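# Observations on the model geometry
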Amino acid sequence: MIVREFREAWRRLARRPGYAALSVAVLGVGLGVALFLFSLVNTLILQPLPMPHAERLLALGEPSSSGNGLGDIDSDQYLALRGHLRSVELIGAYAGVGVGLDAGNSATYYQGSRMTASMMSLFGLKPLLGRGLMPSDDEPGAAPVALLSESLWRHAFKADPHIIGRAVRVNGAWTTVVGVLPASAGDLPVTGNQVWLPLPLQPGQHRDLAGVVRLAPGSQLAQARAELDAWGARLQQALGPGQHSRGIIVKPLGFTFVPEDMRQWVWLMFGAAVLVLLLACVNVANLQLVQTLQRRHELALRSALGSGRTHLMFGTLVESLLLSFAALAIALPIVHGGNRWIVAMYFSEAPGTVPFHHFGIDAVVTAVALAAAVLSTAAAGLIPAWRASRADLQDALRDGAKGSGGGFARVARVMVMAEVALTVVLLVGAGTFVRAVGSVLSQPVVGASHAAQVAVAKVMLPPAAYTDDAQRIGFFDAVVERLRREAGVVNASVSDTVPGAVLGSHESVALPGQPEPADGWPRAQMGIVDAHFLATYGVQLRAGRFFDARDRADSAPVAVVDAKMAEAMWPHGDALGRKLVLWPGRSQARTLTVIGVVESLQLDGVLEKPRPGLLLPLDQSAGQSPLHAVGLAVRTHADARRFEPQLIAAVHAVDPQAAVYGVRSQAAAMAQGRVGLTVLSTVFGALGLVALLLAGAGLYGVLAFSVAQRTRELGIRRAIGAGNGAIVRTVARQLGWQLGIGLGIGLLLAVPWSAVLADPGLRTRAHDPAVFVPVLLVVLAVAVLAALVPLLRALRVDPVIALRYE
């Protein structure tokens, strides 16, 4: 019986290729979208980390100000905790660093990390050649050693079998290579790692460390948190005067790589994709209802001849099952293409992500795909199968060949309302994100008028060769002067910030004598720049002057503020000549004199909260910025991407041991900060578009079916004198109440949905009329377009033909 039902279902589908193709396409798109978003959930959230005892590994750090992720710890906090936590079996620390490695005649930049020897065990790093880091390597004064990645060893050192024990220059210092780690270790503990160095820890020496602990067997996350809470006061005492700890917390290590906010948005996207799949199932169910209605005579006769309800339901479900599994042929390529798009769009542009999580179709995604096909079979086929099992011979014969369809038609109309409601919900989500991205992209960024013509790069100097800031500033002055003489160069600058993309730092500011407000000192975006900054980026000077040769290291400290800071600090007066305190309330507080005002800046990424801007001169920045690794900017007459070879050559002409990295245009740097929201809006926009197309197809199908079933009725109306207007009203009346109820339900669901999507950081708003009103108009327009063809068909009904077989 089972084989016969599969054979009959296949024959029915083969006799109706248009219906079968449309059903497979609709269901394939719905399954593809849902499975693609599930693959992201699986990759970013569900997959275990590729480390031994991953379930016992925790990230350790201070609470972050945003509440998402973790802040860093310093060496004092690490040393105070090491060996004193009973619930912890092992503790380690690491920090991502840039490494200038000279394997020939000049230094090349590589991503690296400094880490304690315990990280080898915590992350399960086992050398391919040589040895790993040892506790003795962490001791202050130990001989410098390094581990290389397999890819670096093979490409830069030609897979030299005698690499172990060889001395190479790392950041200008001779260092012994003691091991090579396999390719599988290349993303730990930071993405794209190529070089691993020891991390000798001394009190007060290291900041910006990431901590990792492994729970002791039998210990739980709650125990570690309780123990750290109890350690709070003791930790503050261990740090000593002048140091402050906000406390130490732990979270599962996976939150280091995929923070809470990203997890939230991945789950929301997946939820929206499930709604799209449900919408596709409703569409296919409607199509199957139509086909079941056309078979009602056959089904009624089979029922009269002894076929039970289970048998009739099974036959219809088999047809739905065949459609669902055929739809996987469309769904799986969508999943594959979506994963490739995510990698190309996001992970290649965003350092610090998790490429060791491989995006693609694995065993879990395949199993879920099969389960989703079965569930889609139930969702799309259960109602048609139930209606098929209730077929009645007398009702079927009484309805006639062109009857109304009775209960079948009523169920179809209810499902159309569900389609409209789901479409409204999905379009509200899509509109929310598309509007947010539009507002971000439309905001002009000061200093970005020539973003495609400005090449930016980071330069790292070997610390051993440049022991003080005067030497470092002299190096950058020489490079800038060389670059300014290059053909095609408009200007060149050195700074620690790129407008609209890279922030120097956030710092507290105040007026002289100002008491600290209850909510803390005001914060400003601060950048350390040279005298060519304005000309290179095209920033306008509003008042006063900019930095020049008068602003030396031994002259009075000065600053240039932007218009936003001038308005905030001196709303009723001129900012020029006024005093401003940097780092108020701290021992290193500095009083600055304002010498100029520029237009309002956005030194931080375009998605970050706008704050007042403050610029300090490079020559007065001794001790205020890590000048061994700052940035260059070169404004050219042509595409900035073509200038990379000249930029690197100019740096190496001054010092071959200086490593140049991160060369790109300012436009690319700005785009990187927008990738996350762009991905969100693109996914939601695609979901909304798919929902709109499915809703249009569903409305068309049901209206066309309704007109076909009412041919006899329309023919009679024509015969007794009904005109086109009466026919239009008859057809439109049915569409109107279905559409009205569907829109009402959709609005009721969309209101709380938009509240869930509201996020000030992403600039998405709840209950935004600029989203809701266009959504309603678009759905109405699609409904009208979907009704046009059936309506024209109704107007062409010939009463003679309609009544010929009465």
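Residues numbered from 1 in each chain as written. Predicted model: local features only at pLDDT ≥ 70, side-chain atom pairs only at ≥ 80, totals over all residues. Heavy atoms only, no water.

### Some words on the overall build of the protein chain
- Secondary structure summary: the protein chain contains 22 helices and 21 strands in total.
- In the protein chain, which comprises 806 residues, the proportion classed as buried is 52%. (Helix = DSSP H or I, 4+ residues; strand = E, 2+ residues; numbered from the N terminus. Buried < 20%, exposed > 50% of the residue type's maximum accessible area, 1.4 Å probe, protein only.)

### Describing the pattern of salt bridges
- Taken as a whole, this structure holds 12 salt bridges when the rule is applied.
- Here D160 ties to R166 by a salt bridge, and the two come within 3.4 Å at their closest N and O atoms.
- Relative accessible area serves as the criterion here: at 19%, D160 is assigned to the buried category.
- A salt bridge links R550 to D548, with the nearest nitrogen and oxygen atoms 2.5 Å apart.
- According to the relative accessible area criterion, D548 is partly exposed, its value standing at 28%.
- Several salt bridges share partner residues, and in doing so they unite R545, D548, R550 and D551 into one network. (Salt bridge = Lys/Arg side-chain N within 4 Å of Asp/Glu carboxyl O.)

### Comments concerning the side chain of H532
- Summarising the element assignment, H532 is placed in the loop between β14 (523-529) and α15 (533-537).
- Those residues in contact with H532, other than ones at most four positions away along the chain, are V480, E481, R484, N491, A492 and S493. (Contact = heavy atoms within 4.5 Å.)

### Let's talk about the nonpolar core
- Formed by 105 residues in total, the largest nonpolar core has its most connected members in L37, F123, L125 and L253.
- When residues of this core are assigned to their parent elements, the largest contribution, 16 residues, is made by helix α2 (residues 17-46).
- Discounting residues that sit within four places of it in the chain, L37 has contacts with M269, F270, A273 and V683. (Core = buried A, V, L, I, M, F, W, Y, C linked by side-chain atoms within 4.5 Å.)

### Topic: empty space enclosed by the protein
- According to the stated counting rule, one finds three cavities of 30 Å³ or more in the structure shown.
- Space inside the second largest cavity adds up to approximately 40 Å³.
- Considering the residues around the second largest cavity, the lining is formed by V420, T423, L692, A695, L699, V779, V782 and A783.
- Counting only elements with at least two residues in the lining of the second largest cavity, the list comes to α13 (407-442), α18 (666-709) and α21 (769-795).
- Looking at the lining of the second largest cavity, its residues break down into seven nonpolar, one polar and no charged. (1 Å grid on protein atoms, 1.4 Å probe; cavity = no way out; pocket = protein on both sides within 12 Å on 5 of 7 lines; lining within 4 Å. Points joined across faces, edges and corners; volume = space filled by probe spheres on them. Nonpolar A, V, L, I, M, F, W, Y, C, P; charged D, E, K, R; others polar.)

### Side note on the pairing of strand β8 (residues 195-198)
- Of the two faces of β8, the one holding V195 and L197 and the one holding W196 and P198 are both buried throughout.
- Bridge analysis of strand β3 (residues 107-115) against β8 gives four bridges, and the strand direction is parallel. Counted as the bridge partner of R114 is L197 from β8.
- Note: strand β5 (residues 145-149) against β8, two bridges, orientation antiparallel. Directly across from L148, in β8, lies its bridge partner V195. (Pairing = 2+ DSSP bridges.)

### Quick look at the pairing of strand β16 (residues 558-562)
- Burial analysis of β16 places five of its five residues in the buried class, the great majority of the element.
- One ladder, built from five bridges, connects β16 with strand β18 (residues 590-598); its direction is parallel. Along β18, the bridge assignment pairs V560 with G596.

### Here we look at the packing of aromatic side chains
- Counted according to the given criterion, the structure contains eight aromatic pairs.
- Taken together, a centroid distance of 6.1 Å and an interplanar angle of 55 degrees make the contact between F38 and F270 tilted. Of this pair, F38 sits in helix α2 while F270 sits in helix α8 (residues 260-294), and the two are 232 residues apart along the sequence. Like F270, F38 is buried.
- Summarising the aromatic geometry, the rings of Y109 and Y661 are spaced 3.5 Å apart at their centres and angled 10 degrees between planes, so their arrangement reads as stacked. With Y109 in strand β3 and Y661 in strand β21 (residues 659-665), this pair connects stretches of sequence that are 552 residues apart.
- Within the aromatic cluster, the residues linked to one another by ring pairs are F38, W267 and F270.
- Over the face of the ring belonging to F255 we find R263, whose NZ or CZ atom lies 4.2 Å from the ring centre. (Phe/Tyr/Trp six-rings, centres within 6.5 Å; stacked < 30°, edge-to-face > 60°. Lys NZ or Arg CZ within 6 Å of the ring centre and 35° of its normal.)

### Things to note about the side chain of S555
- Mapped onto the elements of the fold, S555 is located in the loop between β15 (541-544) and β16.
- Here the side chain of S555 touches R550 through a polar contact of 3.3 Å, landing on its backbone oxygen.
- Polar contacts involving the side chain of S555 include one to the main-chain carbonyl oxygen of R552, which spans 2.8 Å.
- When near neighbours in sequence (up to four residues on either side) are disregarded, S555 contacts R550 and Q620. (Polar contact = N/O pair within 3.5 Å; in protein donor to acceptor, adjacent residues only side chain to side chain.)

### Some details on unusual backbone geometry
- The phi dihedral of K158 falls on the positive side, at around 55 degrees, and the residue is not glycine.
- Looking at where K158 falls in the secondary structure, it is placed in the loop between α5 (150-156) and β6 (167-170).
- Of the residues examined, K158 reaches a relative accessible area of 69% and is grouped as exposed.
- Positive phi, close to 55 degrees, is recorded for A159, a residue that is not glycine.
- Here A159 lies in the loop between α5 and β6.

### Section: helix α14 (residues 469-484)
- Taking 1.5 Å per residue as the helical rise, α14 with its 16 residues ought to reach 22 Å, and the 22 Å between its terminal C-alpha atoms agrees with that figure.
- When α14 is considered as a whole, its buried residues turn out to be D469, R472, I473, F475, F476, V479, V480 and L483. In an axial view of α14, the angular spread of the buried residues amounts to 155 degrees, which keeps them on one side of the axis. (Expected span 1.5 Å × (residues − 1). Arc of directions from axis to C-beta.)

### Some details on the packing of α14 against helix α17 (residues 644-654)
- Packing of α14 against α17 brings their axes to within 9 Å, and their N-to-C directions diverge by 135 degrees. Considering the angle they form, α14 stands oblique to α17. Seen along the crossing, α14 lies across α17 with a hand that is right-handed. Between α14, through F475, A478, V479, R482 and L483, and α17, the contact on the second element is made entirely by Q646, L647, A650, V651, A653 and V654.
- For the contact of α14 with α17, a count of residues per class yields nine nonpolar, one polar and one charged. (Axes fitted to C-alpha atoms, helices over the stretch in contact; angles between N-to-C directions. Parallel < 35°, antiparallel > 145°, perpendicular 65-115°, else oblique. Left-handed = near helix turned anticlockwise from the far one by under 90°.)

### Details of the environment of V480
- As for its position among the elements, V480 is in helix α14.
- Residues V480 and L632 lie 152 residues apart in sequence; the distance between their C-alpha atoms is 8.0 Å.
- Discounting chain neighbours no more than four positions away, the residues touching V480 are A492, S493, V494, D530, H532 and L632.

### Examining a nonpolar patch on the surface
- Together, Y700, V784, L785, L788 and V789 make up a nonpolar patch on the protein surface, roughly 440 Å² of accessible area in all.
- In terms of residue count, the dominant contributor to the nonpolar patch is α21 (four residues).
- Mapped onto the secondary structure, L785 falls in helix α21. (Patch = residues over 30% accessible without salt bridge, like charges linked within 9 Å, V, L, I, M, F, W, Y side chains within 5 Å. Areas by Shrake-Rupley, 256 points an atom, 1.4 Å probe, with all protein chains shown as cover.)

### Let's talk about the environment of Q514
- Topologically, Q514 is positioned in the loop between β13 (505-510) and β14.
- The spatial distance from the C-alpha of Q514 to the C-alpha of P584 is 8.9 Å, given a sequence separation of 70 residues.

### Section: the confidence of the model for the protein chain
- For the protein chain, the mean per-residue pLDDT works out to 80, and 82% of the residues sit at or above 70.
- In this model, residues 349-354 is a region of pLDDT below 50 whose contacts with residues beyond four sequence positions or in other chains number 16 contacts.
- The low-confidence segment residues 400-405, where pLDDT is below 50, has 11 contacts with residues more than four positions distant or belonging to other chains. (pLDDT = per-residue confidence, 0-100.)

### Quick look at the environment of L785
- L785 sits in the exposed class, given a relative accessible area of 58%.
- Note: C-alpha distance between L785 and Y700 (85 residues apart in sequence) is 8.4 Å.

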